[in-house]
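Structure assessment
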Amino acid sequence: MAKYTTASCGRSCAILSMQPLIYDSLVSHCRDTIDGRAQTGFTTLACQNAAQSVLEKVSKNESYLCSPLTRLAQILDPRIGNGSGMALDMKQTIRDILTEEYSLSSAEPTDGGS
């Protein structure tokens, strides 16, 4: 996976925020190949079997590749569009956690020593 993330982002190290995008792309490509809808023309039985094997292998790592940590990195990466409902929900969750843990709203306001 590191090879794909470095190639896709143009950096010399793997970028965590790219993992969910690459995972989604691989799954979509495999499903299209299996269903015979691949735009690449690879629709033979051998290609479909290979796509099924890749899909099974990639799916075993879904919890790692699409973990809350990688999704958070994706949301915080300004290079990636974050208009999805999931991204908006996660942003609100982050705001809620930060407000709950670090908010000064519960502290008594000071009136400058009067």
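Below is a summary of the structure that appears in this document. (Residues numbered from 1 in each chain as written. Predicted model: local features only at pLDDT ≥ 70, side-chain atom pairs only at ≥ 80, totals over all residues. Heavy atoms only, no water.)

**So, the overall build of the chain**
Regarding its fold elements, the chain presents six helices and zero strands. The secondary structure elements of the chain, listed N-terminal to C-terminal, are α-α-α-α-α-α. The buried share among the 114 residues of the chain stands at 26%. Across the chain, every contact between residues at least 6 apart in sequence was considered, and the portion connecting residues at least 24 apart equals 46%. Counting every atom, the chain has about 8100 Å² of accessible surface; 56% of that belongs to carbon and sulfur. (Helix = DSSP H or I, 4+ residues; strand = E, 2+ residues; numbered from the N terminus. Buried < 20%, exposed > 50% of the residue type's maximum accessible area, 1.4 Å probe, protein only. Contact = heavy atoms within 4.5 Å. Areas by Shrake-Rupley, 256 points an atom, 1.4 Å probe, with all protein chains shown as cover.)

**Quick look at the nonpolar core**
Within the largest apolar cluster, eight residues are counted, these being Tyr-23, Val-27, Cys-30, Ala-51, Leu-55, Val-58, Leu-65 and Cys-66. Among the elements of the structure, α2 (19–34) and α3 (45–60) are those that each provide at least two residues to this core. Discounting residues that sit within four places of it in the chain, Tyr-23 has contacts with Val-58, Ser-59, Glu-62, Leu-65 and Cys-66. (Core = buried A, V, L, I, M, F, W, Y, C linked by side-chain atoms within 4.5 Å.)

**Description of the pattern of salt bridges**
Under the definition given, this model contains two salt bridges. A salt bridge links Asp-32 to Arg-37; the shortest N-O distance between them is 3.3 Å. On the basis of relative accessibility, which here comes to 24%, the residue Asp-32 falls in the partly exposed class. Between Asp-35 and Arg-37 there is a salt bridge; the shortest N-O distance is 2.9 Å. Residues joined in a network through salt bridges with shared partners are Asp-32, Asp-35 and Arg-37. (Salt bridge = Lys/Arg side-chain N within 4 Å of Asp/Glu carboxyl O.)

**Structural notes on the packing of α2 against α3**
Helices that pack against each other are described as a pair by the angle of their axes relative to one another and the distance between those axes. Interhelical geometry of α2 versus α3 gives an angle of 150° and a closest axis separation of 8 Å. In this view, α2 runs roughly antiparallel relative to α3, as classed from their interaxial angle. In this structure, α2 crosses over α3, and the sense of that crossing is left-handed. Contacts between α2 and α3 involve Tyr-23, Leu-26, Val-27, Cys-30, Arg-31, Thr-33 and Ile-34 on the former and, on the latter, Cys-47, Gln-48, Ala-51, Gln-52, Val-54, Leu-55, Val-58 and Ser-59. (Axes fitted to C-alpha atoms, helices over the stretch in contact; angles between N-to-C directions. Parallel < 35°, antiparallel > 145°, perpendicular 65-115°, else oblique. Left-handed = near helix turned anticlockwise from the far one by under 90°.)

**A closer look at the side chain of Thr-70**
Looking at where Thr-70 falls in the secondary structure, it is placed in helix α5 (residues 68–76). Reaching out from Thr-70, the side chain makes a polar contact with the backbone oxygen of Leu-65 at a distance of 3.1 Å. A polar atom in the side chain of Thr-70 sits 2.9 Å from the backbone oxygen of Ser-67. Setting aside chain neighbours within four positions, we find Thr-70 in contact with Leu-16, Ser-17, Gln-19, Pro-20, Tyr-64 and Leu-65. (Polar contact = N/O pair within 3.5 Å; in protein donor to acceptor, adjacent residues only side chain to side chain.)

Treat this as a map of the structure, not an account of what it does.
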